[in-house]
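# Notes for the structure review
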Amino acid sequence: MTRTEEPPPRLIRPDTLKLGDVFFDFNKAKLKNEAVQMLRDFFTGNDSSPLIDSIYIEGHTDSIGTDSRNMALSLERCESIRQWLIQNKIAAAAVMQVHPFGRSKPVASNQTPAGRAQNRRVEMIVFRKAEN
């Protein structure tokens, strides 16, 4: 009996977009013009919206301020991104997950201004649908 092998499923590779300190004013969650332009270039420049399966949005802060303020700020920044994506018809709310982390996941030292700037960020992981 001959068994037909099915090809392995195609891997769906996520895209990761990091929006750093330059896209938000210190202690603010409103998107700066530079952030809006980067989002436009990333999402509308390649007409990829129909291929989006889901988007995971992470918010991070530096260590300045209280834990509760940093959690709130990271959530507010995530929500700014989420609202922009909804308003610009990039993705529906149902396919986005928002995860604020506050200052709990630094990528650099919080002991220097440069390190704190790296820690103030929003990261998006965009999962694409498999192309047929």
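Up top is the structure.
Described in the following lines is the structure provided in the data block. (Residues numbered from 1 in each chain as written. Predicted model: local features only at pLDDT ≥ 70, side-chain atom pairs only at ≥ 80, totals over all residues. Heavy atoms only, no water.)

## Considering the nonpolar core
- F43, I55, I57, I81, L85 and M124 are the most contacted members of the largest nonpolar core, which has 22 residues in total.
- Secondary structure elements with two or more residues in this core: α1 (33–43), β2 (52–60), α2 (67–87) and β4 (121–128).
- Among the elements that line this core, the one with the most residues is α1, at 5 residues.
- With residues up to four places along the chain from it excluded, the contact list for I57 reads C78, I81, R82, L85, M96, Q97, V98, H99, V122, E123 and M124. (Core = buried A, V, L, I, M, F, W, Y, C linked by side-chain atoms within 4.5 Å. Buried < 20%, exposed > 50% of the residue type's maximum accessible area, 1.4 Å probe, protein only. Helix = DSSP H or I, 4+ residues; strand = E, 2+ residues; numbered from the N terminus. Contact = heavy atoms within 4.5 Å.)

## Structural notes on the pattern of salt bridges
- Counted under the stated rule, the structure contains 6 salt bridges.
- With a closest N to O distance of 2.6 Å, D67 and R103 form a salt bridge. A residue pair is termed long-range when its members are at least 10 positions apart, and D67 in helix α2 and R103 in the loop between β3 (96–100) and α3 (113–119) qualify at 36 residues. (Salt bridge = Lys/Arg side-chain N within 4 Å of Asp/Glu carboxyl O.)

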